[in-house]
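Take a look at the letters that make up each chain.
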Amino acid sequence: MKQFSVLVSIVLLVTLCVPTQAAYESFDHKTVSAAACVLYDPLTGRFLYEKDADTKRPIASTTKLMTALTVLACTDPADTVTVTAEAVHVEGSRIYIKPGEPLSVETLLYGLLLESGNDAALALALHCDGSVEAFAERMNAEAEKLGLSSTHFVNPHGLPAKDHFSTAREMALVTAAACDHPLLQTIMSTRTVTKEGYRFTNHNKLLWRLDGADGGKTGFTKAAGRCLCSSASYEGRRLICVTLNAPDDWNDHEMLYRTAFESLDSYSFLEPGAAAAAIPVAGSFGISATVSSIDLLNCTLFKEEADNIHVRLLLPQHVYAPVSAGTQAGTAEICLGGHILASVPLFFTHDIVLPPRNRSLLSRLFG
């Protein structure tokens, strides 16, 4: 871990952070087999690499990421779904649930995301809204909440349909939202599991092939080609990769992640106990209250980001005595391009009590 020395004696440091350009603009598109691809950093909102990122395309079963998000917006994971005949009779990949069978929403979500069960998708949609059409409307409403303008759904499973599409860029945002949901992150990172008598194995081979791979969803139809949304983390920094119509999707994702992770390093900016600032104590004739953190202020950065990082101390211009050691004084933040990458609270390090008012000015100044 690389260390930056930070000792600030002013009480409020506010700086503008300059965003860096995409880290991999110079990549040759020919090295990526996908017709459309992005590598996305959800921490800063940067797209580190993109290839035809905004063309609307069929997305096959990666649709099920939005299905899962929509289901959890309208029902509880512990709720019981009674499987209907309509849910069972669907083409494509299935987990072979049975009509009349009671299964939890959570079990069906595992079947949806690990085994890509189209029957699980239909069972969940019908449980939420009673029809595919009504559930698709709900999916589109959830997509709008995510700020997606080039995405539209007409079913919960991703089988080919007119007006069912998204883009590589917007599917990265959907994937990031799924990764932010604790239950979905747990499900997506699971390799194999047994739920209510069903054995599920994750189709995402990156979980076995790439250290740090921790989520995503596969998809394939003849119309869409091979589609893959994935996530991977290195030293606490998560990246999202999306490929649409990618004949060599596993290698596309591995190459992009490995290249990105090689450019990441850990940096520390403020050691525990080190003085971070000195705040004037009002009416004390020169006495200052020092503040420090009890936690390490650090984050994982791309190497080219390090020169554009700023530490911002949010502290009062002055304080009034008495001051008690251990009382929170403010916050220290690591800032990049307007994004807060990490923060720690700052605390007063010593008790400060003003001398009695009847002491002379000289004695108060010089003891």
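Coordinates for the structure precede this section.
Residues numbered from 1 in each chain as written. Predicted model: local features only at pLDDT ≥ 70, side-chain atom pairs only at ≥ 80, totals over all residues. Heavy atoms only, no water.

Asks: Where do I start with the nonpolar core in this structure?
Replies: Within soluble globular proteins, side chains that are nonpolar tend to cluster in buried spots. Of all hydrophobic cores here, the largest spans 64 residues; its most connected members are I97, L108, L109, L113 and V242. Discounting residues that sit within four places of it in the chain, L109 has contacts with A68, V71, L72, L124, L183 and I187. If you look at the next biggest cluster of nonpolar residues, it comprises 29 residues, including L297, A306, I309 and V323. (Core = buried A, V, L, I, M, F, W, Y, C linked by side-chain atoms within 4.5 Å. Buried < 20%, exposed > 50% of the residue type's maximum accessible area, 1.4 Å probe, protein only. Contact = heavy atoms within 4.5 Å.)

Asks: Help me understand the sheet that holds strand β2 (residues 36-41) in this model?
Replies: Strand pairing in a sheet is mediated by backbone hydrogen bonds. Such pairs are either parallel or antiparallel. As summarised here, the arrangement of the five strands in space is β3-β2-β10-β9-β8, forming an open sheet in which the pairing is antiparallel. Strand pairing shows two members of the sheet lacking a second neighbour, β3 (46-51) and β8 (213-221), which therefore form its edges. Looking at each pair of strands side by side, their axes are set apart by 10 degrees on average, direction ignored. In this structure, β2 lies alongside strand β10 (residues 237-244), joined through five bridges in antiparallel fashion. (Pairing = 2+ DSSP bridges. Helix = DSSP H or I, 4+ residues; strand = E, 2+ residues; numbered from the N terminus. Axes fitted to C-alpha atoms, helices over the stretch in contact; angles between N-to-C directions.)

Asks: Just checking my understanding: could you explain the pairing of β8 for this structure?
Replies: The side chains of a regular strand alternate, residue by residue, between the two faces of the sheet. Counting buried residues along β8, eight of its nine residues qualify, which places the element largely inside the surrounding structure. In this structure, β8 lies alongside strand β9 (residues 225-234), joined through eight bridges in antiparallel fashion. Looking at the pairing, T218 lines up with L228 of β9.

Asks: I tried to follow the packing of aromatic side chains on my own but got confused; where do I start?
Replies: Centre-to-centre distance and the angle between the planes together describe a pair of aromatic rings. According to the stated counting rule, one finds four aromatic pairs in the structure shown. Note on Y234 and F261: the rings are 5.5 Å apart at their centroids and 25 degrees apart in plane angle, and the pair reads as stacked. Remark: F261 occurs in helix α9 (residues 249-262) and Y234 occurs in strand β9; sequence separation between them is 27 residues. One aromatic cluster is present, built from ring pairs that chain together Y234, Y257 and F261. (Phe/Tyr/Trp six-rings, centres within 6.5 Å; stacked < 30°, edge-to-face > 60°.)

Asks: Where do I start with the environment of L206 in this structure?
Replies: Mapped onto the elements of the fold, L206 is located in helix α8 (residues 206-209). Taking relative accessible area as the criterion, L206 reaches 1% and is therefore assigned buried. C-alpha of L206 to C-alpha of N251: the two residues are 45 residues apart in sequence and 9.4 Å apart in space. Those residues in contact with L206, other than ones at most four positions away along the chain, are A213, L228, S230, W250, H253, E254 and Y257.

Asks: In this structure, what is going on with helix α4 (residues 118-129)? I would like to understand it.
Replies: The α-helix advances 3.6 residues per turn, and as a result positions three or four apart in sequence lie on the same side. With twelve residues, α4 should cover 16 Å at 1.5 Å per step; its first-to-last C-alpha distance of 17 Å lies within 8% of that length. The element α4 is largely enclosed, with a buried count of ten among its twelve residues. N118, D119, A120, A121, L122, A123, L124, A125, L126 and C128 are the residues of α4 that are buried. Where α4 is buried, its residues touch α1 (63-74), β4 (80-82), α2 (85-88), α3 (105-114) and α5 (132-145). (Expected span 1.5 Å × (residues − 1).)

Asks: What exactly am I supposed to notice about the packing of α4 against α5 here?
Replies: Between two packed helices, what matters for the description is the angle formed by their axes and the separation of those axes. Interhelical geometry of α4 versus α5 gives an angle of 85 degrees and a closest axis separation of 8 Å. One element, α4, and the other, α5, form an angle in the roughly perpendicular class. Of the residues in α5, those in contact with L122, A125, L126, C128 and D129 of α4 are V132, A134, F135 and R138. Among the residues making up the contact of α4 with α5, the classes are represented as seven nonpolar, no polar and two charged. (Parallel < 35°, antiparallel > 145°, perpendicular 65-115°, else oblique. Nonpolar A, V, L, I, M, F, W, Y, C, P; charged D, E, K, R; others polar.)

Asks: What is the right way to read the pattern of salt bridges from this model?
Replies: Charged atoms that come close allow side chains of opposite charge to pair. Per the counting criterion, the structure on display carries 15 salt bridges. Taking the shortest distance from any N to any O, the salt bridge between E142 and K145 comes out at 3.1 Å. Here E142 pairs with K145, and both are found in helix α5, just three residues apart, close to one helical turn. Among the salt bridges present, the one from R209 reaches E254, with a minimum N-O distance of 2.5 Å. Placement of the pair is R209 in helix α8 and E254 in helix α9, with a sequence separation of 45 residues. (Salt bridge = Lys/Arg side-chain N within 4 Å of Asp/Glu carboxyl O.)

Asks: Explain the pairing of strand β14 (residues 297-302) to me, please; I cannot follow it from the model alone.
Replies: Summarising burial for β14: five of the six residues are buried, a large majority. Taken together, the six bridges between strand β11 (residues 264-270) and β14 define a ladder with antiparallel strand orientation. Its bridge partner lying in β14, S266 is registered against T300.

Asks: Which parts of the structure should I look at to understand helix α6 (residues 168-180)?
Replies: Spanning 13 residues, α6 covers 19 Å between terminal C-alpha atoms, matching the ideal 18 Å at 1.5 Å per step. Burial runs high along α6: eleven of the 13 residues are buried. Taken together, the buried positions of α6 are A168, R169, E170, M171, A172, V174, T175, A176, A177, A178 and C179. In this structure, the buried side of α6 is in contact with β2, β3, α1, α7 (182-188), β9 and β10.

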